[in-house]
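# Fold and contact review
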Amino acid sequence: MLQASGGCTCHTDVEGGGAPLAGGRPMQTPFGVWYTTNITPDRETGIGAWSDADFLRAMREGRAPDGSAYFPTFPYTSFTGMTDDDLLALKAYLFSLPPERKENRPPDAWPPFSWRISAWAWQLAFFRPERFEPDPAKSASWNRGAYLSTAVAHCGECHTPRNLAGALDRSRWMAGSEDGPEGELAPNITPHDDTGIGRWTTTDLVWFLQTASKPDGDDSTGLMKEVIEEGYTHVPAADLEAIAEYFESLPPIENQLMADDDAEDDGEDEDAP
Amino acid sequence: MRTSSIWKAALAGAALLHVAATAHAQGEAKVDEGALKYRQSLMEAVGGDMAALTNILKYGLTVPGAAQVHAEGLASHAKLTTVAFERKVTAGPTDAEPAIWEKPDEFAQSVQKFEAETAKLVDVAKNGDLAALGAQVKATGKSCGSCHDSFRKPKEESFKRKGGGS
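Residues numbered from 1 in each chain as written. Chains lettered and ligands numbered in written order. Predicted model: local features only at pLDDT ≥ 70, side-chain atom pairs only at ≥ 80, totals over all residues. Heavy atoms only, no water.

## Here we look at the interface of chain A and chain B
Between chain A and chain B, the residue contacts involve 28 residues of the former and 28 residues of the latter. Roughly 2300 Å² of surface becomes buried between chain A and chain B when both sides are summed, with 49% attributable to carbon and sulfur atoms. Run the count over chain A and chain B and you get three salt bridges. A salt bridge links Lys225(A) to Asp149(B); the shortest N-O distance between them is 3.0 Å. Our count for the contact surface shared by chain A and chain B stands at seven residue pairs in polar contact (both at pLDDT 80 or more). Listed by contribution, the elements that provide at least two residues to the side of chain A that touches chain B are α8 (202-211), α9 (222-230) and α11 (261-271) of chain A. A per-element tally of the side of chain A that touches chain B places α11(A) first, with five residues. (Contact = heavy atoms within 4.5 Å. Buried area = accessible area lost by both parts, 1.4 Å probe. Salt bridge = Lys/Arg side-chain N within 4 Å of Asp/Glu carboxyl O. Polar contact = N/O pair within 3.5 Å; in protein donor to acceptor, adjacent residues only side chain to side chain. Helix = DSSP H or I, 4+ residues; strand = E, 2+ residues; numbered from the N terminus.)

## A look at helix α5 (residues 104-127) of chain B
All names here are of chain B. With 24 residues, α5 should reach 34 Å at 1.5 Å per residue; the first-to-last C-alpha distance of 35 Å fits that figure. Where α5 is concerned, the buried positions are Phe107, Ser110, Val111, Phe114, Glu117, Thr118, Leu121, Val122, Val124 and Ala125. Looking one or two residues beyond α5, the residue adopting positive phi is Gly128, at roughly 75°. (Expected span 1.5 Å × (residues − 1). Buried < 20%, exposed > 50% of the residue type's maximum accessible area, 1.4 Å probe, protein only.)

## Side note on the pattern of salt bridges
Residue and element names in this part refer to chain B. Inspection of the entire model under this criterion finds 12 salt bridges over all chains. Between Glu28 and Arg87 there is a salt bridge, with its nearest N and O atoms 3.2 Å apart. Within this pair, whereas Glu28 is found in helix α1 (residues 2-59), its partner Arg87 is found in the loop between α3 (81-84) and α4 (99-102), the two being separated by 59 residues in sequence. Taking the relative accessible area as the measure of exposure, Arg87 reaches 29% and is therefore partly exposed. A network of salt bridges, in which partner residues are shared, links Glu28, Asp32 and Arg87.

That's the geometry; what it means functionally is another story.
Below, the structure written as structure tokens:
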């Protein structure tokens, strides 16, 4: 069962040995390396006291049993699309492992997440409790790319502008947002030649998601650099190619993003001699 | 009479001074503009060499000697960074943060890191191993990024997105 779940929506390498499950070690998953919490069935330091409902909630919604937002050291994003049966089979597997007593690493010892990406920003970037519906008319790799881009990597959370209600504006899907998370400008990444990334090759986009290095030699900054370094760079190349295939299939949207004026004012204040 | 000619002389002197000051100011403005344009073209050159190196890596190109040429380009450009940013110019179409001149020691450290990584890059490029080159290009990219993080304005403040940019 674990093998099957590994092969379906999320080939998380949970079987990477018993020890990593005790937490504290970087845990390799398709979407990044987590410094895991202890998920062995130890009752005090692990998840041994969790009910099935606790487990499902942690996996699906990224919530700890006490209801607090889970810091993203737990690979819940990968599991959100899985069925209850699959998740409970995974729980059964975890509970069959020898319990290991090991305190979780305190948050300040969880670089890099604790540095700048707050739990909510990370959840925003990587996680949304909804299921992805594949399009049978498209290829398997396109569907994989669409799934990864929308349900897992959440490119759109940053790169799609929001309407007045704060919801993503689907008519301008991936056309860029001047006021993305933390006020960062997230560029237009539709395949529009002049205002988007229409001139990028598949190789360019895959390389960018691996290295944060752009085709013009410039580096990426801010949140994008972080999501690459903490996440996308660990995604297998075939999956990144699927993401690129999905992006190339999007309708090109002309949208030249402009810097906001408040920022300019801040700059000018500092410029005063 | 005498007082009025003194007045005239004084006025003429003042006018001259004014002209000189204006000329000086115009001269200064031009020096500023030149300094700004120069450091930006230096950065573009550096970006060009990085782009060439990443294309070599991305596509596994085997253009003889190319990696070394671009690595050497980066290393010699890196050595110009200090002088290129010597003059404080914070107004106009620029993404340079005033912190460059307010925290000169930190800026100097960023430059040193850049010089050190590009010097290493030259050594690595000479021995022709693409995997090692990839790792060192990455390390070099980090040295660009860490300076940009502290000393270059982010996208949402960039002059290039203000419409009136160069």
